[in-house]
Amino acid sequence: GLRYISRRQSLPRIPGPFLARWTNLWLAFHAHRGRRYIVVHKAHQRYGVFVRIGPNHVSISSPDALSVVYGQGPRAPSKSAYYDAFVCNGNPSIFSTRDRRDHSTKRRAMSHVFSSSALEEFVPLIHSTLGQFMLKMDVLCEAGEFFDLLPWLNYLAFDILSDLAFGEPIGMLQQGSDVVSVHLSDNSLANENAIALVDKREHFAAVAGIESWIPWVTKYMPFLSGIQAATSLEQLAHRQVLRRLSSFRNRNDILGKLINARGCDARSPNAAEIAGLTAESVTLLVAGSDTTSNSIAVILHFIITNPPVYDELLRVLLDATSDSNEPGYEQVKNIPYLQAVINEGLRLHSITAIGLPRSAPSGGLVCCGLYFPEGTELSVPAWTISHDAELWGDPDTFRPQRWLEQKELRQYLLAFGKGPRACIGQNLAYIEMTSVIAAILLKYKIEVRSPELTTIEGFMHKPLHMWIKLSRR
Ligand code: HEM
């Protein structure tokens, strides 16, 4: 109580919207509308570098704040209570845990899965799923009509990740839908749209995390909190983990590596081991699927709507693959211009657009010359940094060349977060983005229906649709 009052008293000198000074509902309302990033961005334009966006939350729009708020070391800020809304069934994951020791244990246990040698081994598996996706694209190309590419990219990303994390694809590409069957509490079977449910859950958590009593209230109303999304996926994962353990199959994928790392005895796995493997697989599936597919969609959109970039990218892709009949990741993985295009798409659209919230450690901290007491919530707004004119010069232009001219800009790419909690799957995401974008561009000519991309923000900033028409190149 007292601490909270003293924090309130130390923050008033920080300007911000009037309502935000008194209630978190101001931010929660804008997050609910999917426009938090832009409202906070406008507040910075009006009030300056420090903006109070909640009674206890300060947004700091300076690139210098990144190394403090997302710093490393024992005195670095931890994730704030916002992340409690992402905890499912009382078990914090590697993503949602706030406890630093718990996080290091979880992160260490998972890091070998994402080592570069492990990732190389996943490439053939990714390519086999990408092959299925291209067959579907062939059919849509023959039809010669506009269609929404976004759901297909989602099916692709979920199939790739479930193949790696569960041992076989969910099969969304094959069935052309995201429907999965799950057991209800009365043991009957129901069909659920898995991606829509994951989306709903993510949007809910992104709003509810802002005000601590919202997750508490909705705990008793699971239909509101999107809990059934996590439960459905957990059931699916549980089934797959059991199937894998009972088949004694030793496959070189994420699940195989997790099983080996835990030293599970496949003949008699115990309930705790099965629950642990299930939770890890689901976390990876949720964290790594639609993040990747949405990123691919926006990058493709920017390529197609910027003809000089499209021409140059196609030229370098054709150059790199000229002596191969069936070009794959090996031929395109080292093309600097393609990597620059990917980074520029992630920056301009800002796939991570909000400021990821952290909590000032005991003893407080100094950031950009101001002192913040222990427990103050701090964030650096990713959209605002990604569109900072001082940093980028021409922030609203899609200009991949900047990444080749100024290599130091890489430290300001916030798509994957920063510091000890940055994305563990980043390298896997680059393999997927590189392979899929190259495969599509090399095979088809693409037309978009509209140069505008409508987007919505939950935790991530996502496109809503991507209407395109394909023809043979
Ligand atoms: C382009 C695709 C991706 C984007 C834009 C992305 C973005 C992010 C961001 C911004 C964070 C930090 C969140 C925070 O600080 O709150 C994060 C964390 C994480 N991501 Fe990704 N991600 C992508 C792909 C993946 C993939 C493919 C996987 C795994 C298969 C993955 C697994 C994770 C995990 C486990 C964490 C939590 C890490 C930790 O707290 O230690 N992500 N991601």
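Residues numbered from 1 in each chain as written. Predicted model: local features only at pLDDT ≥ 70, side-chain atom pairs only at ≥ 80, totals over all residues. Heavy atoms only, no water.

**Student:** Just checking my understanding: could you explain the overall build of the protein for this structure?
**Tutor:** Assigned secondary structure in the protein consists of 23 helices and 14 strands. Taken over the C-alpha trace, the protein has a radius of gyration of 22 Å; the compact-globule value for 473 residues is 23 Å, and the two agree within 12%. Each principal axis of the C-alpha distribution contributes one length, and for the protein these read about 65 × 60 × 35 Å. Within the protein, residue pairs in contact and separated by at least 24 positions form 72% of the contacts whose partners lie at least 6 positions apart. For the protein, the distance from the average position of its 48 positive side-chain charges to the average position of its 44 negative side-chain charges is 7 Å. (Helix = DSSP H or I, 4+ residues; strand = E, 2+ residues; numbered from the N terminus. Rg over C-alpha atoms; globule rule 2.2 N^0.38 Å. Contact = heavy atoms within 4.5 Å. Lys, Arg positive; Asp, Glu negative; His and termini not counted. Charge placed at Lys NZ, Arg CZ, Asp CG, Glu CD.)

**Student:** Can you help me understand unusual backbone geometry in this one?
**Tutor:** Most peptide bonds adopt trans geometry, and most residues besides glycine take a negative phi value. At Ser 350, a position not held by glycine, the phi torsion is positive, near 55°. Its place among the elements puts Ser 350 in the loop between α19 (336-349) and β7 (358-359). Even without a glycine there, the phi angle at Cys 368 is positive, about 50°. Here Cys 368 is to be found in the loop between β8 (365-367) and β9 (370-372). For Cys 368, a relative accessible area of 34% gives the class partly exposed. (Buried < 20%, exposed > 50% of the residue type's maximum accessible area, 1.4 Å probe, protein only.)

**Student:** Teacher, can you tell me more about the site of the ligand here?
**Tutor:** For the ligand, the set of nearby residues contains 30 residues, the closest of which are Tyr 83, His 103, Arg 107, Arg 358 and Cys 423. Contact between the ligand and Ile 94: an oxygen atom at 3.2 Å from a main-chain N or O atom of the residue. At 2.9 Å, a side-chain N or O of Arg 421 approaches an oxygen atom of the ligand. Secondary structure elements with two or more residues in the shell around the ligand: α6 (100-111), α15 (271-288), α16 (290-304) and α23 (426-443). (Near = heavy atom within 4 Å. Polar contact = N/O pair within 3.5 Å; in protein donor to acceptor, adjacent residues only side chain to side chain.)

**Student:** What should I look at first to understand the coordination of the iron atom of the ligand in this one?
**Tutor:** By definition of the ideal shapes, a tetrahedral metal site with four donors has angles of 109.5 degrees and an octahedral site with six donors has angles of 90 or 180 degrees. For the iron atom of the ligand, the protein contributes exactly one donor atom, Cys 423 (SG), at 2.3 Å. Take Cys 423: it is sitting in the loop between α22 (401-405) and α23. (Donors = N, O, S within 2.8 Å, 3.2 Å for Na, K, Ca; no water.)

**Student:** Help me out: how do you make sense of the sheet that holds strand β11 (residues 444-448) in this one?
**Tutor:** Within a sheet, adjacent strands bond to each other through the backbone by hydrogen bonds, running parallel or antiparallel. Strand order in the open sheet formed by three strands is β4-β14-β11, with antiparallel pairing between adjacent strands. In this open sheet, the two edge strands, each paired with only one partner strand, are β4 (147-148) and β11. Bridge analysis of β11 against strand β14 (residues 467-472) gives five bridges, and the strand direction is antiparallel. Within β14, the position partnered with Val 448 by the bridge is Ile 468. (Pairing = 2+ DSSP bridges.)

**Student:** Where do I start with the environment of Pro 357 in this structure?
**Tutor:** Tracing the backbone shows Pro 357 in the loop between α19 and β7. In sequence terms Pro 357 and Ser 188 are 169 residues apart; their C-alpha atoms lie 40 Å from each other. Residues within four places of Pro 357 in sequence aside, it is in contact with His 57, Lys 79, Ser 80, Tyr 82, Tyr 83, Glu 377, Leu 378 and Ser 379.

**Student:** Can you help me understand the sheet that holds strand β1 (residues 50-54) in this one?
**Tutor:** Reading across the sheet, the five strands line up as β1-β2-β10-β7-β3 and stay open at both edges, with mixed pairing between neighbours. Looking at the sheet topology across the chains shown, the edges are occupied by β1 and β3 (78-79). Across two bridges, the pairing between β3 and β7 is antiparallel. Counterpart to Ser 78 in the pairing with β7 is Ser 359. Helix-sheet contacts for helix α4 (residues 36-47) involve β1 and β2 (57-60), and the interaxial angle to β1 is about 140°. (Axes fitted to C-alpha atoms, helices over the stretch in contact; angles between N-to-C directions.)

**Student:** Help me understand the side chain of Ser 281 in this model?
**Tutor:** With respect to the helices and strands, the residue Ser 281 is situated in helix α15. Polar contacts involving the side chain of Ser 281 include one to the main-chain carbonyl oxygen of Ala 165, which spans 3.4 Å. Contact partners of Ser 281, with chain neighbours within four places excluded, come to Ala 165, Phe 166, Val 241 and Leu 255.

**Student:** For this particular structure, what's the right way to read the nonpolar core?
**Tutor:** What tends to happen in soluble globular proteins is that the nonpolar side chains get buried as a cluster. Counting residues in hydrophobic clusters, the biggest one holds 145 residues, and the most contacted among them are Phe 133, Leu 300, Leu 346, Phe 372, Met 433, Ile 437 and Leu 441. Excluding residues within four positions of it along the chain, Phe 133 makes contact with Leu 149, Trp 152, Leu 153, Leu 156, Leu 173 and Ile 440. (Core = buried A, V, L, I, M, F, W, Y, C linked by side-chain atoms within 4.5 Å.)

**Student:** What is the right way to read the pattern of salt bridges from this model?
**Tutor:** A side chain with one charge can pair with a side chain of the opposite charge if their charged atoms come near. In the structure shown here, the tally under the stated rule is 21 salt bridges. Among the salt bridges present, the one from Lys 106 reaches Asp 102, with a minimum N-O distance of 3.0 Å. Residue Lys 106 and its partner Asp 102 are both found in helix α6; the two are separated by four residues, about one turn of the helix. The closest approach of N and O atoms between Glu 168 and Arg 243, which form a salt bridge, is 3.1 Å. Separated by 75 residues along the polypeptide, Glu 168 in the loop between α8 (149-166) and α9 (172-175) and Arg 243 in helix α13 (residues 227-247) bring together distant segments of the chain. Judged by its relative accessible area of 44%, Arg 243 is partly exposed. Salt bridges here are not isolated pairs; linked through shared partners, they connect Glu 344, Arg 347, Asp 394, Arg 399, Arg 402 and Glu 405. (Salt bridge = Lys/Arg side-chain N within 4 Å of Asp/Glu carboxyl O.)

**Student:** What should I look at first to understand the side chain of His 57 in this one?
**Tutor:** By the element assignment, His 57 lies in strand β2. Apart from the residues within four sequence positions on either side, His 57 is in contact with Leu 27, Arg 36, Val 51, Arg 52, Pro 357, Glu 377, Leu 378 and Ser 379.

**Student:** Would you take a moment to explain the state of the cysteines for this structure?
**Tutor:** One covalent bond between the sulfur atoms of two cysteine residues makes up a disulfide. The full count for this structure, using the stated rule, is zero disulfides. Among the cysteines around Cys 367, which has no disulfide bond, Cys 368 carries the closest sulfur, lying 4.0 Å off. By relative accessible area, Cys 367 is classed as buried at 0%. (Disulfide = S-S within 2.5 Å.)

**Student:** Please clarify how the pairing of β1 should be interpreted in this entry.
**Tutor:** Successive residues of a regular strand alternate their side chains across the two faces of the sheet. Here β1 lies mainly inside the structure; five of its five residues are buried. Direction of pairing for β1 relative to β2: antiparallel, over a ladder of four bridges. Paired with Val 51 across the strands is Ser 59, a residue of β2. Following β1, the chain reverses through two residues before pairing antiparallel with β2.

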